[in-house]
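Okay, here's what each chain looks like letter by letter:
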Amino acid sequence: MNPWLAGVLAMLPAFAIPLGAACRGHIGGRFAAVQFATAVATWILIMMTFAFDQPALIDLALTLALLASPGTLVIALFLERWL
Amino acid sequence: MRSAAVDVLLALAVLCAWLGAAGLIRLPSAMDRLHCVAFVVAASGAAITLAAFIADGVSDRALKILAITVIGLLAGAANAHVTGRALLQRSER
């Protein structure tokens, strides 16, 4: 098995745990779990570009990294003021 | 030799992600959990970026991965600060 594909598969539990944590508990902990899941999803997408030898997939990871930050800021604003 | 280095770096990245996930479960407060996010972004990101440069050389893909890691580090610091501030403001309400 390709080591990058093995890395993708090994990362999946580390992706599933924050997804589960984002579904329960206090809203602050859920927000931290979403940020964690976003970070792990970015690494998974990066490893998938090597695992499947598709260089174009890296743009998905770059897009996720670029969009995650403003999304987090907006959610933090909602958390601070209204939620 | 290069393949072994990539294997070790990927294993390190996965180990850091697992460690961060364990911390996310075990740590009690949201403030503590934000440290896990920063740890995974920094540690796994560095390992994966290095592995990509070893596997690919200096290519467009490797440079984009470097950009993703730098964006993650810079934006992660800002996001952690904003999140912590939001949580503090919320707790004072």
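Per chain, residues are indexed from 1 in the order of the written sequence. Lettering of chains starts at A and numbering of ligands starts at 1, both following the order in which they are written. Local features in this predicted model are restricted to residues of pLDDT 70 or higher, and side-chain atom pairs are both shown and tallied only at a pLDDT of 80 or more, whereas totals for entire chains, interfaces and linings draw on every residue.

A. Layout of the overall build of chain B. Looking only at helices and strands, chain B features three helices and zero strands. Only DSSP runs of H or I reaching four residues or more are called helices, and only runs of E reaching two or more are called strands; each is numbered from the N terminus. In sequence order, the secondary structure elements of chain B are arranged as α-α-α. Radius of gyration: C-alpha atoms only; globule rule: 2.2 Å multiplied by the number of residues to the exponent 0.38. Compactness check: chain B gives a C-alpha radius of gyration of 16 Å against a globular reference of 12 Å for 93 residues, more than 25% above the reference. Each principal axis of the C-alpha distribution contributes one length, and for chain B these read about 55 × 25 × 10 Å. Residues with at least 20 neighbouring C-beta atoms inside 10 Å of their own are called buried, those with 12 or fewer are called exposed, and the rest are partly exposed, where every C-beta is derived from the backbone. Taking all 93 residues of chain B together, the buried fraction comes to 39%. Sequence-distant contacts, at least 24 apart, represent 63% of the contacts inside chain B between residues at least 6 apart. Here, residues touch in the contact sense if the C-beta positions derived from the backbone fall within 7 Å of one another.

B. Structural detail: the overall build of chain A. The secondary structure content of chain A amounts to three helices and zero strands. Across chain A, helices and strands are ordered from the amino to the carboxyl terminus as α-α-α. On the principal axes, the C-alpha backbone points of chain A span a range of 45 × 25 × 10 Å. Looking at chain A as a whole, 43% of its 83 residues qualify as buried. The contacts in chain A between residues at least 6 apart in sequence include a share of 48% that link residues at least 24 apart.

C. View of the packing of helix α1 (residues 3-21) of chain A against helix α1 (residues 2-26) of chain B. Running from N to C, α1(A) and α1(B) cross one another at 10°; their axes reach a closest spacing of 9 Å. Our classification of the angle between α1(A) and α1(B) gives roughly parallel. Side by side, α1(A) and α1(B) meet where Pro3(A), Trp4(A), Gly7(A), Ala10(A), Met11(A), Ala14(A), Ile17(A), Pro18(A) and Ala21(A) of the first sit next to Val6(B), Asp7(B), Leu10(B), Ala13(B), Val14(B), Ala17(B), Trp18(B), Ala21(B), Leu24(B) and Ile25(B) of the second. Any residue that is not Ala, Val, Leu, Ile, Met, Phe, Trp, Tyr, Cys, Pro, Asp, Glu, Lys or Arg is counted as polar, Gly included; the first ten are nonpolar and the last four charged. Across the contact of α1(A) with α1(B), the residue classes break down as 17 nonpolar, one polar and one charged. Interaxial angle, 0 to 180 degrees, is taken between N-to-C directions of lines fitted to C-alpha atoms, where a helix line uses only the stretch in contact. Note on angle classes: values under 35 degrees are labelled roughly parallel, values over 145 roughly antiparallel, values of 65 to 115 roughly perpendicular, and the remainder oblique.

D. Representation of helix α3 (residues 58-81) of chain A within the structure. To estimate the expected span of a helix, subtract one from its residue number and multiply by 1.5 Å. Along its 24 residues, α3(A) runs 35 Å from first to last C-alpha, staying within 8% of the 34 Å computed at 1.5 Å per residue. If you check which residues of α3(A) are buried, you get Ile58(A), Ala61(A), Ala65(A), Ala68(A), Thr72(A), Ala76(A) and Leu79(A). Turning to α3(A), the residues buried within the fold contact α2 (27-51) of chain A together with α3 (60-92) of chain B.

E. Up close: the interface of chain B and chain A. Contact residues are listed per partner, giving 36 residues for chain B and 37 residues for chain A. Secondary-structure elements contributing two or more residues to the side of chain B that touches chain A are α1, α2 (30-56) and α3 of chain B. Sort the elements by how many residues they give to the side of chain B that touches chain A and α3(B) lands first, with 15 residues. Of the residues that constitute the side of chain B that touches chain A, the class distribution is 25 nonpolar, six polar and five charged.

F. Local environment of the environment of Leu34(B). Residues and elements named next belong to chain B. Following the sequence through the fold, Leu34 ends up in helix α2. Note on Leu34: 25 C-beta atoms within 10 Å, which makes it buried. C-alpha of Leu34 to C-alpha of Gly23: the two residues are eleven residues apart in sequence and 9.8 Å apart in space.

G. Structural detail: the environment of Leu62(A). With respect to the element layout, Leu62(A) can be found in helix α3. Residues Leu62(A) and Phe31(A), 31 residues apart in the sequence, show an inter-C-alpha distance of 21 Å. Once you skip the residues sitting within four places of it in the chain, Leu62(A) turns out to touch Lys64(B), Ala67(B) and Ile68(B).

H. Spatial organisation of the nonpolar core. With 51 residues, the main nonpolar core has Phe36(A), Val40(A), Trp43(A), Met47(A) and Ala17(B) as its most contacted residues. Put simply, the parts of the chain that give this core at least two residues each are α1, α2 and α3 of chain A together with α1, α2 and α3 of chain B. No other element matches α2(A), which puts 14 residues into this core. If we skip the residues at most four places from it in the chain, Ala17(B) touches Met11(A), Ala14(A), Val40(A), Trp43(A), Val40(B) and Ser44(B). Buried Ala, Val, Leu, Ile, Met, Phe, Trp, Tyr and Cys residues form a nonpolar core when they are connected through C-beta atoms within 7 Å.

Geometry only, nothing functional implied.
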